[in-house]
Every structure is written in C-alpha cells, then in structure tokens.
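# Structural characterization, general
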Amino acid sequence: MSGLFVFLEMTTEDFDRTALEIQAELEKLPSREAVQAYYRETVYPFERARIRRAAGEPVDLLMVTCGAQADSVTLSVDATPARFVALLHTPDSARSAQETIRRTGLLADQAALVPVGDGKNQLDLYQAILRVWKERGEPARVVVDMTGGFKSMSAAATMAGGAIPGCRTAYVDSEQRRLHGEPIWVNQRRIFMENPLVVFGEVERQAIRQLLRDGQYEGAATRLRVLVQEMERPEDVLHLAVVEGYAALEKMDFAVAAEKLLGACDRADRCDRQNPELRALPIVQARAQIRAQADRLKEIAALLEAAGRGVDPLNEVGALCKPAMLDLLPTLWLLAERMQARGQMDLAALLGYRVAEAALQRRLAILGIDPQAPGAGLVRWAGEQQMSPDELCQKISLMNPAKDKSYVFDLDRSVARLEALLVLSVLDPTVRRVVSVKDFQDTGAARNRSVLAHGLRTMNK
C-alpha cells in the first residue's frame, strides 16, 4: 500500500516519467518469477494509482460484478469512487470480494457483499441489482461495473444498468502483455459504455409517443426522463415538462399540473425566441392553449385547497356560482374525454359535484346545522326568526325550481348537495345573491349522467 500512496502523491510530470521507467524495467526482468514479483510490488500499485488519479466525483452507488481475482475488482472500485459499493459475487468469487474490501479499506456502512447465485442465471443478478438499488433509496447517480465475473454476469450487469434510470455502465480496460509467459496488465483505465440512445433514441421516442396515444402519461414521463438525462435534447426537455403536467392532472394533482404546464409554456416561449428550429413543435405552437389550461387548473387547486382547510369557498374563492363552479367542468374536459375513451370513469362530473357538496355542507356547519341531521338546527333557526318549522319547510320547498310543485322539504332527513343549497338559499342572503339554483341543478344532472353516478353512461360535452 505504501507504493500506492507514493504514486498518488506524485506530480503529473513525475507520474508520467515513472510510467515510462516501469515499462522499461519490465523489459529487463530475467524470469517469470521476477515479472510476478515486480508486477505485485510495483506495477499493480502503480496501475491502482493511475486509476484513482483519473477518478471523478463520487457517485451514490457502485455495483461491481466480481471474478475470481481481486485485482480487477479492486481496480473497478478504485476507478469509480462511491458512497456505497455493492460487490456482486458467486460462491467462487466471494473471497475476491472480501479481499477487495480489505484492500480498499471500505467500512461496513460503505460496502456490502451481495450473492448472486452461481452467476449463470441472469435473473438472479437482475433481482440482486434491483434490490440493492431500491434498498439504497433508488439513487440517481449509479454505476454498474461489469469488469469481473462470467460473461453471463457481465451481460446481465450491462442490461440491468440500462434498465435503471440514470445508471451508467463501465468496465476497466487495459493492455495485456506477456513476459516470460506471464500475463500482465498495464495502462488500465475506466471506460464508460456509450449511450445506445444516441443511436436508438428515435426508437425510444416512438415508444413514448405510443404511450401518449394510449393516455399512459406517467409511463411516458418515466421514459422521457431517461432520454432527458442521457441526451439533454431541448425538445425532449420541453416534451417532458408537458407530459409531467398531464401525468399530474391524471392523478388530479391540480397544483402540480398547473406548475408543470406553466413551466413548459415558459420554456416554449424561450424556444420561440431563441431556437427557430423548435418553433414548429406542436407544443410551442399550442402554448397559449396550454397556458390557459394551466391557469384554470390553478383555480381548481385554490378551490380544493380552501375546501380542504374547511374554509367556505363561497366567500374566499367565489365558487358555487355559474362562472366559477360550472367552469370547473370544462377545464377537465380533456381529462374526462380521455378517460371516457379508455372506458374509464368521468372524473370531471364527479369533481364538480363533490366539491360543491363539500362546500355547501361546510357552510351549513358554520351556521350550526348538521347536514346529516339538520332538523334540530333548523328548528332553532326558525325560532330565532320567529317562524314555525312548517313555514320554514314551505320556504325551502319553494326554492326548488323543478316543475314538480309537489316537492316538500322534510326536516327529518339528511340534506345532500341540492337540498343543502335550497336550505342555504333561505338561511343565507349571500347564497341567494350569487347562486342560481337552476344552474346548480345542471351540474348535478351532468354528474347523474356519468358512469360514476349510477353506472348509466359517460357524459357528453
């Protein structure tokens, strides 16, 4: 180890001169035994120093396939500094993995020995790599080194590295010489595998476009992130921002969807000004429409946030009236139509219905009336207004604009969405000023036509 440290402390000029001296000395050695001793005492420590001097910043996770010899495994660990190292070994290579830990001085919280069966079943190695990656918290900066082990292990490590987002695959290359029949390896260096997406990127984009046509936004976003990380093409970055926005919308995370889509529009604005080649992209051309959608999503997010905090959206956001509550539905047409086309449920109709119901019931609670058992609270309120319960029921009944005039409000049953509005129209002058009961009925009718209501049919625009 002392030779390693001496080499590491050399200046670049001294290091280069020493490399030439070592190669010249090798040629003079008289026997195989002398070559073996010189390689172990001088050449190998020098090659470790060469590798370590060229190493970059530490990655989060390094996974190394181990062969029977510890020399190559140690060089792989030296070549890629990492916060954690997983040594993937078979029973035959367990000793070299242990020796690598001893040589590199890795501590128990810095490395782990990971068995992968006999090394010939590639699924064993895939599962081991996936398990380690997940146990380490799915880090972003990962390297899989496939220098050691059987060819099956190297091939499987390469394939697994390509499947982990952001992972790079590496190996330690060298020049092999034979002196007196003894093989030695010099000029060792880490090589990163070229990214196949440079050639096959368009094939991947075709697959992503198919996912988008199928409405699988989250899957498309996952694959686009790999493209962006590996290739950093401006058009991929722009597409990713939009796809992530619609993936959030599909999850009904409206605040995130608005943020992503607005960010995509800002990026599209810059492309339009600075990159003429990207002006023809559909996303750049449609950024005004996308921005309008994002603005509406911000309104929905604000409404839901207010209702979630128990604040009355009627006063804080101005919802429940036609230009607010009913406008929630058109904002969601794109999402609803796509869900309908896939034979799924109409989220738009349900959203408008449920948010309105929650807001109205919250308003009743503020007035001290339990929507599930409103009788006692309404009787008390009628008494305060010097009104009999029957008179109150009659006033509430008259608020219903339905053609069936036989409707009579009943104090003994719970009040849901529409009846809650009828009650509030009598109790609260604010509601009478801003809410059209007829318009409010229309949102309920839309919901009742959706598959979420009674399984009848999806609603039409």
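What comes next is a walk through the structure. Fair warning: this is a prediction, and the values are worked out from it, not measured in the lab.

Conventions adopted
Residues numbered from 1 in each chain as written. Predicted model: local features only at pLDDT ≥ 70, side-chain atom pairs only at ≥ 80, totals over all residues. Heavy atoms only, no water. Helix = DSSP H or I, 4+ residues; strand = E, 2+ residues; numbered from the N terminus. Buried < 20%, exposed > 50% of the residue type's maximum accessible area, 1.4 Å probe, protein only. Contact = heavy atoms within 4.5 Å. Areas by Shrake-Rupley, 256 points an atom, 1.4 Å probe, with all protein chains shown as cover. Salt bridge = Lys/Arg side-chain N within 4 Å of Asp/Glu carboxyl O. Phe/Tyr/Trp six-rings, centres within 6.5 Å; stacked < 30°, edge-to-face > 60°. Lys NZ or Arg CZ within 6 Å of the ring centre and 35° of its normal. Patch = residues over 30% accessible without salt bridge, like charges linked within 9 Å, V, L, I, M, F, W, Y side chains within 5 Å. Polar contact = N/O pair within 3.5 Å; in protein donor to acceptor, adjacent residues only side chain to side chain.

This part covers the overall build of the chain. For the chain, the count of helices and strands is 24 helices and six strands. Among the 461 residues that make up the chain, the fraction classed as buried is 46%. For the chain, contacts bridging at least 24 residues in sequence account for 63% of all contacts bridging at least 6. Accessible surface, the chain: about 23500 Å² in total, of which carbon and sulfur atoms supply 52%.

Oppositely charged side chains are able to pair whenever their charged atoms sit close together. Applying the stated criterion across every chain, the model contains 20 salt bridges. Measuring nitrogen to oxygen at the nearest pair gives 2.5 Å for the salt bridge that ties Asp78 to Arg48. Pair noted here: Asp78 is in helix α4 (residues 70-79) and Arg48 is in helix α3 (residues 32-54), with a separation of 30 residues, a long-range link. Arg48 shares its class with Asp78; the two are buried. As a salt-bridge pair, Glu244 and Lys260 come within 3.2 Å of each other at their nearest N and O atoms. Residue Glu244 is located in helix α10 (residues 234-250), and its partner Lys260 is located in helix α11 (residues 254-274); the two are separated by 16 residues in the primary sequence.

The subject of this paragraph is the packing of aromatic side chains. One pair of aromatic rings is described through two measures. These are the centre distance and the angle between the planes. Under the counting rule described, the total for this entry stands at three aromatic pairs. Their ring planes at 15° and their centres at 4.4 Å tell us that Phe15 and Phe46 sit as a pair that is stacked. With Phe15 in helix α2 (residues 12-28) and Phe46 in helix α3, the pair connects residues that are 31 residues apart, well separated along the chain. Here Tyr39 and Tyr44 contribute two aromatic rings whose centre-to-centre distance is 6.2 Å and whose plane-to-plane angle is 40°, an arrangement assigned as tilted. Each member of the pair Tyr39 and Tyr44 is classed as buried. Looking at Arg40, its charged tip hangs above the ring of Tyr44, at a distance of 5.3 Å from the centre. Positioned over the ring face of Phe150 is Lys120, at 5.8 Å from the centre of the ring.

Right, let's talk about a nonpolar patch on the surface for a bit. A cluster of nonpolar side chains, contributed by Val199, Phe200 and Val203, occupies part of the molecular surface with about 330 Å² of accessible area. Along the polypeptide, Val199 turns up in helix α8 (residues 197-213).

As a further point, take the side chain of Thr100. As for its placement among the helices and strands, Thr100 is situated in helix α5 (residues 94-104). A distance of 3.5 Å separates a polar atom in the side chain of Thr100 from a polar atom in the side chain of Thr74.

Bringing the environment of Ala155 into the picture now. By the element assignment, Ala155 lies in helix α7 (residues 151-163). Judged by relative accessible area, which is 37%, Ala155 ranks as partly exposed. Once the C-alpha coordinates of Ala155 and Gln122 are considered, the two residues, 33 residues apart in sequence, prove to be 8.3 Å apart.

Topologically, Ser93 is positioned in the loop between β2 (85-89) and α5. Judged by its relative accessible area of 2%, Ser93 is buried. A polar side-chain atom of Ser93 sits 2.8 Å from the main-chain amide nitrogen of Thr90. Setting aside residues up to four positions removed in sequence, Ser93 forms contacts with Cys66, Gly67 and Ala68.

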